[in-house]
Structures are given as structure tokens and as C-alpha cells.
Amino acid sequence: MRGTIVKGSLLFVTIVLLLSMTGIPAFAAEVTKFGELSSDEFTDADRCGQCHAIIYADWEGTMHFNAYLDPFYLEEVKVASEDTDGLVDEFCSRCHTPIGVTSGEIPPIDGSQMSEIAKHGVQCDFCHVVSGSNGTGNAPFIVTPGDTKWGPFDDSRSAFHGSEYLELYTRSEYCGMCHQVIHPVNGLVIDDTYSTWKESQYGDDNVACQDCHMTEGITEFEANPGRAGSGAPKRDHISSHDIVGGNAFIPPMFGADNVAEMAVERLQRAATVEVKTPEMAASGEEVIIEASITNSGAGHSIPTGVSEIRQIWVEMIVTDSEGNEIYTAGTLDEDGTIEGEKLIYNNVLGNSEGNATESFWLADRVLEDNRIGPKETVTEEHNFTVPDDVAYPLTVKATLNYRSAPQELIDKLMGEDTEVPVIAMNEISATIYDPATPPEERTTESTPGFGILATSMALVIMMYLFRR
Ligand code: HEC
Ligand code: HEC
Ligand code: HEC
Ligand code: HEC
Ligand code: HEC
């Protein structure tokens, strides 16, 4: 008997070793399924906040905090559920209310069976009881609620809970569980934030999501020394939990204007714009303006996430010296529709009839991918003819704009009183002169955008302080 057991285990060990050499996981870990847990096994974030006050304040009002109560999400999931006869109910809820799904409280999609704690979205005692995962995409998390909290420290001690180190927390694969969405029926990749990151230079250099989204660095890691909780030791780096993206639309509805401000700041660090114009142009002449946009700061495409809904575009306005508009593109009409549809940088998904749809649950193909990849530069062209009797010089102003969703979609879902904010990510202007202007009266340099302005302002302040 003993011999058989030993031989059996030897064979087993050999198989596991062989499998691990081929890279095939020996144990495809079982992800936590619908209804496997109960919501009373989770602890409310308020309790965690008693000792982790700064972390709690960071998280409060962010899109993780709002992931379920977000009214835009709630309206969309209602439509998705109706469109698919409830087929997507569990799928959508798994990322937006992971406690709701693992404790079997949702579906029903109307939320009628949900506990209070499940409504608090992606929260402390969900994220820190992730004890493993089965890869990335469609939320393959393994959660073990209870005394142990998993995290990035291997020497952490708390009077309230056990602590366990798990490397996953410091890696993009942690975020990639949810920030990679694949259509459950036809396999279409709907959100490719993780895979785009992985294939980029950032993935090669291992600049993780956490480096940009959980430090003040925004576009790179920046250490933030401090204490992770009351009575905790001082450490070289504590991660901030104000994990923001570009969403300045929803947080103010929860009173979190500070989160919206951080989102604006982040958007303004994501990209740069440049314009190339002729230095002078005579009446009747055709002018070509080239606007180039570079995704200089994001570790994934801009936009990313629900990029079939997000909109990035250039608003181009050329005026003469009396303020008359000579050329415009990408301006909003009174209904909030962007003029010149072709200039929108986002992802256009199509349904089985080949028609464009923002309802990604109905999509089975990509019709057009106009997003700007990490470190990529795209160039668009604008042209117009200089009118007669124009008052020189002409001012060219290009603004790179971001909007969380088309106004038409929000009007339909949330009523016409809800305005989606348009955020200027960057702007630049240039001047076009009358060919008759003598060269010494022309300033050819274009005005830099926010990023460069901030740097030059910092220099001016530093010079001022230095001279004092
Ligand atoms: C979206 C998931 C997520 C949520 C929500 C979240 N955390 Fe974290 N937390 C992380 C990750 C990931 C790290 C490690 C980041 C790193 O080291 O790169 C972390 C780190 C920590 C740490 C270690 C100290 C530090 O800041 O580095 C503590 C303590 C902590 N979190 C507590 C909390 C508390 C309390 C809440 C709720 C107020 C919370 N977390 C919400 C994912 C999350
Ligand atoms: C009684 C105070 C207290 C409460 C309540 C508390 N913690 Fe902690 N926690 C601490 C202290 C102290 C540390 C040690 C921090 C360090 O090592 O720097 C810590 C560490 C952590 C860590 C880091 C673990 C690691 O190994 O990286 C995480 C994650 C964490 N807490 C999450 C939570 C969550 C989630 C809750 C709510 C369910 C919570 N804490 C409630 C005091 C508390
Ligand atoms: C359990 C799933 C889950 C995990 C794990 C997770 N997220 Fe999220 N995250 C979400 C959901 C859901 C939303 C969006 C909620 C909404 O918009 O209604 C979100 C929102 C965000 C946003 C805000 C996006 C915006 O438009 O402003 C950022 C940034 C973000 N997550 C980054 C991260 C990072 C970085 C990590 C890893 C440390 C991470 N997330 C881990 C589910 C998750
Ligand atoms: C090099 C820094 C950097 C890295 C690495 C990075 N991000 Fe971002 N992220 C940004 C910036 C800057 C923005 C703002 C631009 C935007 O919203 O598109 C952003 C925006 C976002 C948004 C909002 C997207 C939108 O367009 O509405 C999400 C979600 C997000 N990041 C998640 C992630 C996840 C998940 C990872 C890791 C797989 C990651 N980020 C890695 C810098 C970074
Ligand atoms: C694998 C995880 C996952 C699944 C499944 C998922 N989502 Fe999301 N959802 C996210 C993340 C992450 C974001 C944030 C991305 C960003 O900010 O661009 C998000 C954002 C959204 C937003 C934008 C909210 C806002 O305020 O801008 C809507 C709407 C949404 N999801 C609806 C749905 C619906 C409907 C389904 C089911 C058909 C679904 N989601 C399934 C992870 C998921």
C-alpha cells in the first residue's frame, strides 16, 4: 500500500514538473463562482477606514467606489439585460459588483436581492481578499474572505487582521483581471486595456498600471513615503488609492469633485498636440493645417476601457483678428453633437448586420479602430480657403478634447438635463500672416499647451524664488 502511494505521488510530482516546464498550468485554479460565498463574510470599508484613513479617503468617490451605483452603468446594464433576455446579467455584474455576484445576490439584475455592502462596488474587502487569479480578462478572481488580507508587503502586521504577501498585487495582471473584457459569446475583445499595455513598451519595461495609477507620478512611478495605517511603520512607498482615469462625469454626482479634478489633471498629462501651418497665406489661397496628436503619457490606447463610448477629438477654430470664424471643425452644435464625425478617436464596434453600435453586448466585430496607441502619433489634416477682405493675422487654435460619452447617448439614457463635460486635454495655437507683413513683425512660434506651460511657469517661479 505505502509503496503504491509513494509511486503514485512520484508520478504526480513528475507530471506537475513536466507541465510546469511546458508552461501549461498544472492546476487551472478554480475561479470563485456565483453564490459560492455570502456577503456577511465581507467587512464594510468603513471598518477598514478606521485604521486606513488616508487610503479610505483616496478611494471614496472614485470609479471603483462607484462601480455599481454609477447611474450610467445602471442604465446601460438595464438595456443590455433587456437586449439579451438576461444573458449578460451575471457577466456585467461580476466586475461592477464582485461581492454581489460571488455571494449570489445579483442577478436578479434589478438589485432587489442585494445587501448594502455589495452595492459599494470594487471595495477594500473585495480587492484585499483576492487570494489568487486564473489569468486576466472577464474577472477570473479567486477570493477568500476572512481574517487574512492579501497585499504588497511581506512583513506587515495588524492587530485587526492577518496579512499575507501576494506578488500579484504589484503587477498589471491584478488590474488585468477586470480591465480586459471579452464578449462571453463571440469572443470579441471589448476592452483591451491590459493586452494593449502588455504589448507596448510599458509592458516590456514593466511599468505597471499601479506605477501610474497608484502613485502621484501619473505617467511614471513616483515614491510616496508614509504609513499605511494607524500605528504602522514608516515605509518608503505607500500606494495611493485614488485610482482615477478620465472620468470627470460621474464622480461629481457622488460629491467627489476632487476625483473629477484628478481625472482632468490626468487627461492633461496624457497627450500632446502640435500644429503645422503655413507662416503666411494670401486671400483666395488654400491653407492646409496638420494637427498631430501624441499619446505621450498613457500606458495603453487613448481612449481605453469602454472606448466605443469615449470620445477624443480635435476642435479646430481659425479666426481673423476681428474674431470672425473662418474655419471650424470638431465644435459642438447646440445638441452637443460633434461636427465632423470622422475626426473622433475611438473604437467603432459593429453588430451582426455590420452596423455601428455603442451597445457592446450586441457587437461581434470591430468596424474601425481610431484610438491612439501608447507613444503613437497620429496626424489629421484640415483645409480651408482664405476669404477675401480678411483681417490679418489669422489665429489657429487646436484643442484636444475628451468626453466620457456622446451627449446623444446620455440624453437617451439619463434624460436631457445631464450634460457630459468636455475636457480640454491640451491646446495649441499658431498664427498665419498676411504675405505683405514684413518678417520682423511675425512671431512664428506657436503657443505651447498645458504641459509645456506648466513647466515654463515652474521655471519662472523657481527663478523668482532664486532671485529673492
Ligand atoms: C481595485 C482594488 C483595490 C481597492 C478597491 C483597494 N485596494 Fe488597497 N491595494 C490594492 C493594490 C493593487 C495594492 C498594492 C499596490 C502596489 O503595491 O503596487 C494595494 C495596497 C494596499 C495597502 C498596502 C499599503 C499601500 O498603500 O501600498 C493597504 C493597507 C491597502 N491597500 C488597504 C486598502 C483599503 C483600506 C482599501 C479601502 C479603503 C483598499 N485598500 C482598496 C488594491 C486595492
Ligand atoms: C485596527 C486597525 C486596522 C483595521 C480595522 C484594518 N487594518 Fe489593515 N492594517 C493595519 C495595520 C497597522 C497594517 C500594517 C501596515 C504596514 O505593514 O505598513 C495593516 C495592513 C494592511 C494591508 C497590507 C497587507 C500586506 O501584507 O501587504 C492590507 C491589504 C490591509 N491592511 C487591508 C485592510 C482591510 C481590507 C481592512 C478592512 C477589512 C483593514 N485592513 C482593516 C491596521 C488595520
Ligand atoms: C474587480 C474588478 C476590478 C479590478 C480588480 C480593478 N478594477 Fe479598475 N475598475 C473596475 C470597474 C468595474 C470600473 C468602472 C466603473 C464604472 O465606470 O462604472 C473601474 C474603473 C477604473 C478606473 C477609472 C476609469 C475612468 O474612466 O476614470 C481606473 C483608472 C481603474 N479602474 C484602474 C484600475 C487599476 C490600476 C487596477 C489595479 C490596481 C484596477 N483598476 C483593478 C473594475 C476593477
Ligand atoms: C504610463 C502611465 C500609465 C500606465 C502604465 C497605465 N495607465 Fe491608465 N491612464 C494613464 C493616463 C495618463 C490616463 C488618462 C488618459 C485617458 O483617460 O485615456 C489613463 C487612463 C486610464 C483609464 C481611463 C480610460 C479612458 O480613456 O476613459 C483606465 C480605465 C486605465 N487608465 C486603466 C489602466 C490599466 C488597467 C493599466 C494597466 C494595464 C494602466 N491604466 C496603465 C496612464 C497610465
Ligand atoms: C471584466 C470586467 C467587466 C465586465 C464583464 C463588464 N464591465 Fe463595464 N466596465 C469595466 C471597467 C474596467 C470599466 C472602466 C473602463 C473605463 O473607464 O473606460 C467599465 C466601464 C463601464 C461603463 C462606463 C461607465 C462610466 O461611468 O463611464 C459602462 C456603461 C459599463 N461598463 C457597462 C457594462 C455592461 C452593460 C456590461 C455587461 C454587458 C459590462 N459593463 C461588463 C469592467 C467590466
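Residues numbered from 1 in each chain as written. Chains lettered and ligands numbered in written order. Predicted model: local features only at pLDDT ≥ 70, side-chain atom pairs only at ≥ 80, totals over all residues. Heavy atoms only, no water.

**Describing the site of ligand 2**
Inclusion rule: The criterion for a residue being near a molecule or strand is simple. One of its heavy atoms has to lie within 4 Å of it. The term polar contact refers here to a pair of N or O atoms within 3.5 Å; inside protein, the definition further demands a hydrogen-donor-capable atom paired with an acceptor-capable atom, and it admits residues adjacent in sequence only when both atoms are side-chain atoms. Working definition: helices are DSSP H or I runs of at least four residues, strands are E runs of at least two. Numbering for both runs from the N terminus. Classification convention: Asp, Glu, Lys, Arg as charged; Ala, Val, Leu, Ile, Met, Phe, Trp, Tyr, Cys, Pro as nonpolar; all other residues, Gly among them, as polar.
Lining the immediate environment of ligand 2, one finds 25 residues, of which Cys48, Cys51, His52, Phe153 and His161 sit closest. Phe153 has a polar backbone atom sitting 2.8 Å from an oxygen atom of ligand 2. Separating an oxygen atom of ligand 2 from a side-chain N or O atom of Ser156 is a distance of 2.8 Å. Looking at the shell around ligand 2, the elements with two or more residues in it are α2 (45-51), α7 (124-127), β3 (148-151) and β4 (162-165). Here the shell around ligand 2 is built from residues that sort into 10 nonpolar, nine polar and six charged.

**Side note on helix α13 (residues 407-414)**
Let me state the cut-off plainly: Relative accessibility under 20% of the residue-type maximum defines a buried residue, over 50% an exposed one, and the middle range a partly exposed one, all with a 1.4 Å probe and only protein chains included. Here, residues are in contact when the closest pair of their heavy atoms is within 4.5 Å.
Most of α13 sits out of view: six of its eight residues are buried. Within α13 the residues assigned to the buried category are Gln407, Leu409, Ile410, Asp411, Leu413 and Met414. Of the surrounding elements, those touching the buried residues of α13 are α4 (71-83) and β17 (394-403). Positive phi shows up at Gly415, right after α13, with a value of about 95°.

**Quick look at the sheet that holds strand β14 (residues 356-357)**
Spelled out, the test is: When DSSP finds at least two bridges between two strands, those strands are taken to pair.
The sheet built from three strands is open, its strands ordered β14-β13-β15 with antiparallel pairing. The open sheet is flanked by β14 and β15 (363-369), the only strands paired with a single partner. Both strand β13 (residues 347-351) and β14 contribute to a ladder of two bridges, which runs antiparallel. Opposite Gly350, over in β14, you have Ala356 as the bridge partner.

**Concerning a negative patch on the surface**
Spelled out, the test is: Nonpolar side chains (Val, Leu, Ile, Met, Phe, Trp, Tyr) are joined into patches within 5 Å and like charges within 9 Å, using only residues with over 30% relative accessible area and no salt bridge. Calculation of accessible area relied on Shrake-Rupley with a 1.4 Å probe; when residues are assessed, cover is drawn exclusively from the protein chains displayed. A carboxyl oxygen of Asp or Glu within 4 Å of a side-chain nitrogen of Lys or Arg is what we treat as a salt bridge. Just so you know, the count uses Lys and Arg for positive and Asp and Glu for negative, and it drops His and the chain ends. A single reference atom marks each charge: NZ on Lys, CZ on Arg, CG on Asp, CD on Glu.
Together, Glu334, Asp335, Glu358, Glu408, Glu416 and Asp417 make up a negatively charged patch on the protein surface. Looking at the element boundaries, Asp417 is found in the loop between α13 and β18 (423-432).

**A short note on the packing of aromatic side chains**
Note the threshold: Put simply, two rings from Phe, Tyr or Trp (the six-membered ring, in Trp's case) pair if the centres are within 6.5 Å, and we call them stacked under 30 degrees between planes, edge-to-face over 60, tilted for the rest. Only when the NZ atom of a Lys or the CZ atom of an Arg is both within 6 Å of the ring centre and within 35 degrees of the ring normal do we say a charge sits over the ring.
Enumeration over the complete set of coordinates arrives at nine aromatic pairs. Members of the aromatic cluster, joined through ring pairs, are Tyr56, Trp59 and Phe65. The residue whose ring lies beneath Arg94 is Phe141, and the NZ or CZ to ring-centre distance is 4.2 Å. Its end group placed over the ring of Phe153, Arg235 keeps NZ or CZ at 3.7 Å from the ring centre.

**Observations concerning the sheet that holds strand β9 (residues 271-276)**
Cut-off, in case you're wondering: Here an angle of 0 to 180 degrees is reported between the N-to-C directions of two axes, which are lines fitted to C-alpha atoms, with helices fitted over the stretch in contact.
The strand order β9-β10-β16 describes an open sheet built from three strands, whose pairing is antiparallel. Strands with a single pairing partner mark the edges of an open sheet, and in this sheet they are β9 and β16 (377-385). Pairs of neighbouring strands in the sheet enclose a mean axial angle of 20°, with direction left out of account. Relative to strand β10 (residues 286-295), β9 is paired through six bridges, and the arrangement is antiparallel. From the neighbouring strand, Val275 faces β10, where its bridge partner is Ala291. Contacts from helix α12 (residues 257-270) reach β9 and β10 within the one sheet, and its direction differs from that of β9 by about 50°.

**Observations regarding the pattern of salt bridges**
It is possible for side chains bearing opposite charge to pair when their charged atoms get close. Scanning the model with the defined rule gives 11 salt bridges in all. In this structure, the salt-bridge partner of Asp125 is Lys149, at a minimum N-O distance of 2.9 Å. Taken together, the residues span a long stretch of sequence, with Asp125 in helix α7 and Lys149 in strand β3 at a distance of 24 residues. For the pair shown, Asp125 and Lys149 are each scored as buried. Through salt bridges that share partners, Glu167, Arg171 and Glu173 make up one connected network.

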